[in-house]
Amino acid sequence: MYNREYGYDLWMRYRPISDNNLALRYQGLIGKLCTMSQNETVAIAVKELKIAYHGFFSADLSFTEDLSKASLVVGRVSDLPDEISGQIEWSEKGNLLSQAFAIKNLDYQGRKILVIAGQSSIALLYGVFHFLRLVQTHEPLDQLNVVSMPKTALRMLNHWDNLDLSIERGYAGASIFDWHRLPGYLHPRYEDYARAQASLGINVITINNVNANPISLTTKYIIKLKALADFFRAYGIKIFLSIRFSGPMEIGGLKTNDPLDAGVRDWWKKKAEEFYHYIPDFGGYLVKANSEGQPGPMDYNRSHSDGANMLAQSLEPFGGIVIWRAFVYDHKIDEDRAKQPYNEFKPLDGQFLPNVIVQVKNGPVDFQPREPFHPLFGAMPKTNLAMEFQITQEYLGLATHLVYLAPLFKEVLDADTYSQGPGSSVGKVIDGSLENKSLTCMAAVANVGTDLNWCGHHFAQANWYAFGRLAWDHQLDSREIALEWIKMTFGHNTTMVMTMAQLMMESREISVNYRTPLGLHHIMGRGHHYGPGPWVTGGRADWTSPYYHRADESGLGFDRSVTGSNGAAQYFKPWSDIFGNKQSCPESLLLWFHHVSWDHKMKSGRTLWEELCYKYDEGVKGVESMVKQWETLGPYVDESRFNEVRSLMAMQLREAIWFKDSCLLYFQKFAKRPWPEGMVEPQGKIEEFESHEDFFVPGIPNPFAAKLVE
Ligand code: BDP
């Protein structure tokens, strides 16, 4: 048999356990399975156990209906005999208890058994996947006493998939959602996709682009959506739809989309009835309004809350939810785009209905490699706030660069907003514990497509995985998550595991260094966002790079202190003071908050100019070291994945050099200072970098087609 590794299995790669002793011990513990509950979801859990068992032991899992003969017992806690369920302590409480599972070795009628119990069938499925993770990571299975419950209610992936199968900012092939052949044909990938989501506890997805096509609101498409919802239901996955606010005019033929117009309200009410007629557990809507040209309530001088509440009222009778995005900036160019979401949303705190969640992007600008946490976290205590991360690597090397994102996610989740004094972390705002919320949500823009390995880069799978794990529990550790993922996806050789973990853990900082060190942001190529573009000018100012980096002869950086836009004042104290002052501002965010003179003394004793040069240089050296580390893994990684990653890394190195050389040559035009000693000097001519053009970069419509249509 040809055993090529395509990466299609993701982390559910149940390969034979080569350590014979361990395999025997595990087999003894799992032995005979007795299933105490019967339904579609439990059948999925049992099927997973069968697949995995066969993978681990090259043998078939055996079953028994006789509890007294079983070694592994799975069931909903309500279906277990008291003698078993009474031994499980559900130490965790709270409104998410129905999603909790337990895994425990216990005594039953004088015998040792292993029990996986769920408070519901879905929770049981989560428990089974967790159990398999323990097997895959070779944890001891004889002293288990795990009780686990998610911290966030809605753990959500946002697909930016279009109805024509293209994906906005998608770098891993086409959309997996095959609209044309729905509802009749259910692609086999749906099953594997659903397994992957359930294995992480992801329980909600939006299926289409936030720049939504109104066609998805037509009955024909609702029926297609129903087919997906019916399929995903047993995996515990609910579907949301991104909607276009102008549906009433574009689909309904009305004369307005004004959210306070009776006809418009009625149209949405009937739409909601239609959705729930076909999909009784439909999740609700995700809305991008009055942002980047999308229609919205402000077109009618109404507020975001007017728009969101109108939709929320239509969904409320059915238990539906509106997720309203706070990523807004409109046709008026603000003096500081980073301040706009806060300025528009903060005054609306307390005005959104209880079934509205305001989804706040990671970073006040736009998913940059490093941004300070969003000042809205902590600032809207009377509003349900969701976090929106980006897994797809729009600003972090598309699917070419190895960048492990858990450290980025954690940096933000662990950040202390100080909204209620020390200890008011972003994570606690998101999980509801700080402000006593129960409708909580962590979302991320997906990186999934039809590529054989789903995500374009084998290591990009880790970002999907890490997001899911952190959405379940944001207190997990990035490195622990990486270790889990590596063992599940690549195997157990210690040298390999440790080298990969190190490479992953360093990758984010390395990537910041060769792209946007010291708080620089938004200096990427125009439109497609591929490669460097600090020189991008023309068109609306806040889509150009100089708007953000403000390079001139005196220095570099956006002044968001009192002498500038005063964006720092949107933060609680002490952050407003810390960020607002050049001396106390963390250097990693210095150019985000300050315009700094080229000769400003940095903590290292170097000038800003020198530090900038060294940071870019360090970024490239970091990738060189990643390449070297990867080369040592040849003996441990299968040939196919080894070679794929190797060629992508060679591209990553070329592109890191491209960033460094072009950005430094560009900034040197303003700094007019020589290259500092000890660095590798940039090569090439700035004019050539500036005139470089790329076409057919994935993730946006074909630029030639756009030109032809014009
Ligand atoms: C930007 C993307 C754009 C998205 C937008 C959004 O470049 O394609 O539509 O975010 O989140 O970063 O709405």
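Placed above this text is the structure.
From a predicted model like this one, the values you see are computed outputs, not experimental measurements.

### Some points on the overall build of the chain
Inference 1: Within the chain, the secondary structure is distributed over 22 helices and 16 strands.
Inference 2: Taking 710 residues into account, the globule formula puts the C-alpha radius of gyration at 27 Å, and the chain, at 26 Å, falls close to it.
Inference 3: If you line up the chain on its principal axes, its C-alpha atoms span 80 × 65 × 55 Å.
Inference 4: Counting all 710 residues of the chain, 62% fall into the buried class.
Inference 5: Contacts in the chain between residues at least 24 apart in sequence constitute 72% of all its contacts with a sequence separation of at least 6.
Inference 6: As displayed, the chain offers around 26300 Å² of accessible surface, 52% of which is attributable to carbon and sulfur atoms.
Inference 7: Of the side chains in the chain, 70 bear a positive and 82 a negative charge, and the two mean positions are spaced by 2 Å.

### Regarding helix α5 (residues 189–200)
Inference 1: With twelve residues, α5 ought to run about 16 Å at 1.5 Å a step, and its terminal C-alpha atoms sit 17 Å apart, in line with that.
Inference 2: Buried residues along α5 sit against α2 (40–57), α4 (121–136), β7 (154–158), β8 (204–206), α6 (219–232) and α13 (461–472).
Inference 3: Looking one or two residues beyond α5, the residue adopting positive phi is G201, at roughly 80°.

### Points about the pattern of salt bridges
Inference 1: Overall, the coordinates contain 43 salt bridges when judged by the stated rule.
Inference 2: With its nearest N and O atoms 3.8 Å apart, the salt bridge here joins E5 to R641. Highlighted residues: E5 in the segment before α1 (20–30) and R641 in helix α20 (residues 639–671), separated in sequence by 636 residues.
Inference 3: Under the relative-accessibility criterion, R641 is labelled buried at 2%.
Inference 4: Here R195 and D192 are joined by a salt bridge, their closest N and O atoms 2.8 Å apart. Residue R195 and its partner D192 are both found in helix α5; the two are separated by three residues, about one turn of the helix. Each member of the pair, R195 as well as D192, carries the same accessibility label: buried.

### As for unusual backbone geometry
Inference 1: The peptide bond linking L182 to P183 adopts the cis configuration, its omega dihedral lying at 0°.
Inference 2: Summarising the element assignment, P183 is placed in the loop between β7 and α5.
Inference 3: Cis rather than trans, the peptide bond between K573 and P574 has omega equal to 5°.
Inference 4: With respect to the helices, strands and loops of the structure, P574 is situated in the loop between β15 (555–556) and α17 (575–580).
Inference 5: We note that L165 has phi near 80°; this positive angle belongs to a residue other than glycine.
Inference 6: Residue placement: L165 occurs in the loop between β7 and α5.
Inference 7: The exposure class of L165 is partly exposed, given its relative accessible area of 30%.
Inference 8: The backbone of H529 sits at a positive phi, close to 65°, despite the residue not being glycine.
Inference 9: Here H529 lies in the loop between α15 (494–515) and α16 (546–549).
Inference 10: For H529, a relative accessible area of 14% gives the class buried.

### A look at the sheet that holds strand β1 (residues 32–35)
Inference 1: Sheet architecture is open: six strands sit in the order β2-β1-β3-β5-β4-β6, paired in mixed fashion. Of all the strands in the sheet, the pair left with one neighbour each is β2 (62–63) and β6 (145–148).
Inference 2: Pairing analysis gives eight bridges linking strand β4 (residues 101–108) to strand β5 (residues 111–118), with the strands arranged antiparallel. In the sheet register, L106 faces β5, and the bridge partner there is I113.

### Brief notes about the packing of aromatic side chains
Inference 1: Under the definition given, this model contains 51 aromatic pairs.
Inference 2: When the centroid spacing of 5.6 Å and the interplanar angle of 70° are considered together, the rings of Y276 and F282 count as edge-to-face. Residues Y276 and F282 agree in their burial class; the two are buried.
Inference 3: Ring plane angle 10° and centroid distance 6.3 Å describe the contact between F345 and F352, whose orientation is recorded as stacked. Neither F345 nor F352 differs from the other in exposure class; each is buried.
Inference 4: Clustering of aromatic rings is evident, with ring pairs tying together Y8, W11, F177, Y190, Y193, F231, F232, Y235, W454, W464 and Y465.
Inference 5: If you follow R550 out to its NZ or CZ, it ends over the ring of F558, 4.3 Å from the centre.
Inference 6: The ring of Y614 carries R606 above its face, with NZ or CZ at 4.1 Å from the centroid.

### Side note on the state of the cysteines
Inference 1: Enumeration over the complete set of coordinates arrives at zero disulfides.
Inference 2: Sulfur of C663: no disulfide; nearest cysteine sulfur belongs to C613 and is 11 Å away.

### Considerations on the site of the ligand
Inference 1: Around the ligand, 14 residues are found, and the nearest of them are E168, K288, R325, E394 and Y395.
Inference 2: A distance of 2.9 Å separates an oxygen atom of the ligand from a polar atom in the side chain of R169.
Inference 3: The contact in question runs from an oxygen atom of the ligand to an N or O atom on the side chain of E394, over 2.4 Å.
Inference 4: Its residues placed into classes, the shell around the ligand shows four nonpolar, two polar and eight charged.

Cut-offs and rules
Residues numbered from 1 in each chain as written. Predicted model: local features only at pLDDT ≥ 70, side-chain atom pairs only at ≥ 80, totals over all residues. Heavy atoms only, no water. Helix = DSSP H or I, 4+ residues; strand = E, 2+ residues; numbered from the N terminus. Rg over C-alpha atoms; globule rule 2.2 N^0.38 Å. Buried < 20%, exposed > 50% of the residue type's maximum accessible area, 1.4 Å probe, protein only. Contact = heavy atoms within 4.5 Å. Areas by Shrake-Rupley, 256 points an atom, 1.4 Å probe, with all protein chains shown as cover. Lys, Arg positive; Asp, Glu negative; His and termini not counted. Charge placed at Lys NZ, Arg CZ, Asp CG, Glu CD. Expected span 1.5 Å × (residues − 1). Salt bridge = Lys/Arg side-chain N within 4 Å of Asp/Glu carboxyl O. Pairing = 2+ DSSP bridges. Phe/Tyr/Trp six-rings, centres within 6.5 Å; stacked < 30°, edge-to-face > 60°. Lys NZ or Arg CZ within 6 Å of the ring centre and 35° of its normal. Disulfide = S-S within 2.5 Å. Near = heavy atom within 4 Å. Polar contact = N/O pair within 3.5 Å; in protein donor to acceptor, adjacent residues only side chain to side chain. Nonpolar A, V, L, I, M, F, W, Y, C, P; charged D, E, K, R; others polar.

Geometric values such as these leave the question of function open.
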